[in-house]
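# Summary of the model geometry
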Amino acid sequence: MRPIQMVDTHTQYHKIKSEVDNAVIDVMESSAFINGKPVQEFAISLSNYLGAKYTIPCANGTDALQIAMMALGLQPGDEVITPSFTYIATTEVIALLKLTPVFVEVDPKTFCIDPAAIEKAITPKTKAIVPVHLYGQAAPMGAIMDIAAKHKIFVIEDNAQAIGCDYFFKDGSKKKTGTIGHIGTTSFYPSKNLGAFGDGGAIFTNDETLAIKLKMMANHGQSKKYYHDVVGCNSRLDTMQAVILNIKLKHLDAYAASRRKAADFYDQAFASHPKITTPFRAQYSNHVFHQYTLILDGADRDELNNFLSEKKIPSMIYYPVPGHKQKMFAHFNVASQTMPVTDWLTERVISLPIHTELDMEQLNYITGHVLEFVNK
Ligand SMILES: *Cc1c(COP(=O)(O)O)cnc(C)c1O
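Only a predicted model underlies this, so the values are computations on that prediction, with no experimental measurement involved. (Residues numbered from 1 in each chain as written. Predicted model: local features only at pLDDT ≥ 70, side-chain atom pairs only at ≥ 80, totals over all residues. Heavy atoms only, no water.)

## So, the sheet that holds strand β14 (residues 349–352)
Let me state the cut-off plainly: A pair of strands is considered paired only if DSSP assigns at least 2 bridges between the two. Helix numbering and strand numbering both begin at the N terminus, where a helix is a DSSP run of H or I of at least 4 residues and a strand a DSSP run of E of at least 2. Residue contacts are counted whenever heavy atoms from the two residues lie within 4.5 Å of one another. Only C-alpha atoms enter the line fits that serve as axes; for helices the fit covers just the stretch in contact. Angles between N-to-C directions range over 0 to 180 degrees.
Ordered in space as β12-β13-β14, the three strands form an open sheet in which the pairing is antiparallel. With one partner strand each, in any of the chains shown, β12 (276–277) and β14 form the two edges of the open sheet. Here two bridges tie β12 to strand β13 (residues 292–296), and the two strands are oriented antiparallel to one another. In the strand pairing of β13, threonine 277 is matched with isoleucine 295. Packing of helix α10 (residues 252–270) onto the sheet brings it into contact with β12, β13 and β14, and relative to β13 it is tilted by some 20 degrees. Lying over the sheet, helix α12 (residues 340–348) contacts β13 and β14, oriented at roughly 100 degrees with respect to β13.

The structure is reproduced here in structure tokens:
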């Protein structure tokens, strides 16, 4: 059996190796390492794929969130509502810009921000909501956009984990996640569903004025070369990553299908097990399975993690400490906030290997050992 990894980017690379190698050599020959033509070509392909009017490539998914908040003109002290149960990048940039993170609960089924909790957290200082499409499934965007419209606040979708995911509206229409809010952001970190061979990120919007501001913010606040109107930052996707991403984008739907196939296998193996809750599949969204995350109840999660590790099966806890309990936010006095759902999840979630290259032998081996442990 091939060794099992959380993500197998190596085998995936080998399936498109000659195309990627040639494209990378072309970039080296052109020596247009920064802002080469392929960067704009990739931005256009991605806009077309997502149905976004504007795509602004940048250096990584954390920068993308920061640039989004800068472009919206958020000011120190403004409140930004965000789930506590997410990766630190989502919330860190809020504090970095001297904005105030307001942590709210997630839905225990979808793992995504709970609209009822958003409503309760809104104050006159609230300027934005940052929903996260966690693990590859959409947050309930219909309800979130309604709340935002009612209170005239912005929505920035953190789409780092769900690129390619479809959101279905009540009227039957659909949109890709990242294109529903005022701004969407994503990451091309190698292990993400659309992963580069290094760092990368992008920002999406359908609003022309915002697109201009986003572009300026990502490029030293520059409106024309050497004319700097606002304080911005330097955040670029390099040409090498752009050519690789342009190749991988063609495979993104097939990649999602492979991930879903593995997820379906897991779902079946663990179906109606009393100690395991398999990922909930929301009606309003499909799932691109950035992670396959179980809720374990009645069995020790950390012991399972160790047991699997002895069997050479990696597993991960995303995330063991929720935002409101991170030391970096202690000065916001959020540690004492009661978040029963978030706390409950952080103690029980465990993610199994999921990627585009899992085979039947590996899947059987993984499910067999998980079941051996929980049936002990
Ligand atoms: C990966 C990730 C980011 C940050 O992306 P980087 O490219 O690593 O900066 C932001 N938010 C979420 C939810 C992520 O998973």
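## Remarks on the sheet that holds strand β2 (residues 79–83)
Taken in spatial order, the seven strands of this open sheet run β1-β9-β8-β5-β4-β2-β3, and their pairing is mixed. Two strands bound the open sheet, and with one partner strand each, they are β1 (54–58) and β3 (100–104). The sheet shows a mean angle of 25 degrees between the axes of neighbouring strands, taken without regard to direction. Examined bridge by bridge, β2 and β3 share five bridges and lie parallel to one another. Looking across to β3, one finds that valine 80 is bridged to proline 101.

## Examining the site of the ligand
The following threshold applies: We call a residue near a molecule or strand whenever a single non-hydrogen atom of that residue lies within 4 Å of it. By the criterion applied in these results, polar contacts are pairs of N or O atoms within 3.5 Å in which, for protein atoms, one can donate a hydrogen and the other can accept it, and in which residues neighboring in sequence qualify only through two side-chain atoms. Using a 1.4 Å probe, accessible areas were evaluated by the Shrake-Rupley method; residue-level cover was limited to the displayed protein chains.
Contacts to the ligand come from Asn60, Gly61, Thr62, Tyr87, Ala89, Thr90, Val132, Asp158, Ala160, Gln161, Ser187 and Lys192. Take threonine 62: an N or O atom from its side chain is 2.5 Å from an oxygen atom of the ligand. Interatomic distance of 2.8 Å between a side-chain N/O atom of glutamine 161 and an oxygen atom of the ligand. Relative to its unbound accessible surface of 380 Å², the ligand loses 92% to contact with the protein. Listed by contribution, the elements that provide at least two residues to the shell around the ligand are α4 (61–71) and α5 (88–96).

## Remarks on α12
In an α-helix there are 3.6 residues to a turn, and that puts residues three or four apart on one side. This is how the line gets drawn: Relative accessible area decides the class of each residue, using a 1.4 Å probe on protein chains only: under 20% of the type maximum gives buried, over 50% gives exposed, and in between gives partly exposed.
Along α12, the residues classified as buried are Thr342, Asp343, Leu345, Thr346 and Arg348. Buried-residue contacts for α12 involve β13, α11 (301–310) and β14.

## Quick word on the pairing of β14
Burial of β14 is two-sided: the residues Val349 and Ser351 facing one way and the residues Ile350 and Leu352 facing the other way are all buried. Here four bridges tie β13 to β14, and the two strands are oriented antiparallel to one another. When the sheet's bridge partners are listed, isoleucine 295 is paired in β14 with valine 349.

## Examining the packing of aromatic side chains
Rule in force here: In summary, the pairing rule links any two rings of Phe, Tyr or Trp, Trp by its six-membered ring, whose centres are within 6.5 Å, and it sorts them by plane angle into stacked for under 30 degrees, edge-to-face for over 60 and tilted for everything else. Remark: a charge is flagged as sitting over a ring if the NZ atom of Lys or the CZ atom of Arg is within 6 Å of the ring centre and within 35 degrees of the ring normal.
Under the definition given, this model contains 15 aromatic pairs. The interplanar angle of 35 degrees and the centroid separation of 4.7 Å between the aromatic rings of tyrosine 266 and tyrosine 292 together place this pair among those described as tilted. Of this pair, tyrosine 266 sits in helix α10 while tyrosine 292 sits in strand β13, and the two are 26 residues apart along the sequence. The pair tyrosine 266 / tyrosine 292 is uniform in exposure class, with both members buried. Connected via pairs of aromatic rings, a cluster forms that spans Tyr266, Phe270, Phe289 and Tyr292. The ring of tyrosine 227 carries the charged tip of lysine 224 above its face, separated from the ring centre by 4.6 Å.

## Here we look at the side chain of histidine 355
Along the chain, histidine 355 falls in the loop between β14 and α13 (360–374). In terms of polar contacts, histidine 355 uses its side chain to reach the backbone carbonyl oxygen of glutamine 5, at 3.3 Å. In this structure the side chain of histidine 355 is engaged in a polar contact, spanning 3.0 Å, whose partner is the backbone nitrogen of glutamate 357.

## Observations regarding the pattern of salt bridges
Short version of the rule: Here a salt bridge means any side-chain nitrogen of Lys or Arg lying within 4 Å of a carboxyl oxygen belonging to Asp or Glu.
Tallying each qualifying case throughout the model produces 14 salt bridges. Taking the shortest distance from any N to any O, the salt bridge between arginine 2 and aspartate 8 comes out at 3.4 Å. According to the relative accessible area criterion, arginine 2 is partly exposed, its value standing at 32%. Residue lysine 17 pairs with aspartate 21 through a salt bridge whose shortest N-O separation is 2.7 Å.

## Let's talk about unusual backbone geometry
Tyrosine 318 connects to tyrosine 319 through a cis peptide bond whose omega is 10 degrees. You can see tyrosine 319 is positioned in the loop between α11 and α12. Despite not being glycine, serine 31 shows a phi value in the positive range, around 60 degrees. Note on placement: serine 31 falls in the loop between α2 (17–30) and α3 (37–50). Positioned with a positive phi, phenylalanine 289 is a non-glycine residue whose angle comes to about 45 degrees. Examined against the element boundaries, phenylalanine 289 turns out to sit in the loop between β12 and β13. Taking the relative accessible area as the measure of exposure, phenylalanine 289 reaches 0% and is therefore buried.

## Quick look at the domain arrangement of the protein
Heads up, the condition is: An automatic or database domain assignment supplies the residue ranges for each domain. Using a 1.4 Å probe, buried area is obtained as the accessible area two parts lose upon being combined, added over both of them.
We note that the domain assignment places domain 1 (9–104 + 111–249) and domain 2 (252–374) within the protein. On a C-alpha basis, the centroid separation for the pair domain 1 and domain 2 is 24 Å. Regarding the contact of domain 1 and domain 2, the summed buried area is about 3,300 Å², with carbon and sulfur atoms giving 60% of it. Linking domain 1 to domain 2 there are one salt bridge. Lysine 15 is the partner of glutamate 357 in a salt bridge, and the nearest nitrogen-oxygen pair spans 2.4 Å. Remark: the boundary between domain 1 and domain 2 carries 22 residue pairs in polar contact (both at pLDDT 80 or more). Elements with a minimum of two residues in the side of domain 1 that touches domain 2: α1 (9–15), α5, β3, β6 (166–168) and α9 (239–249).

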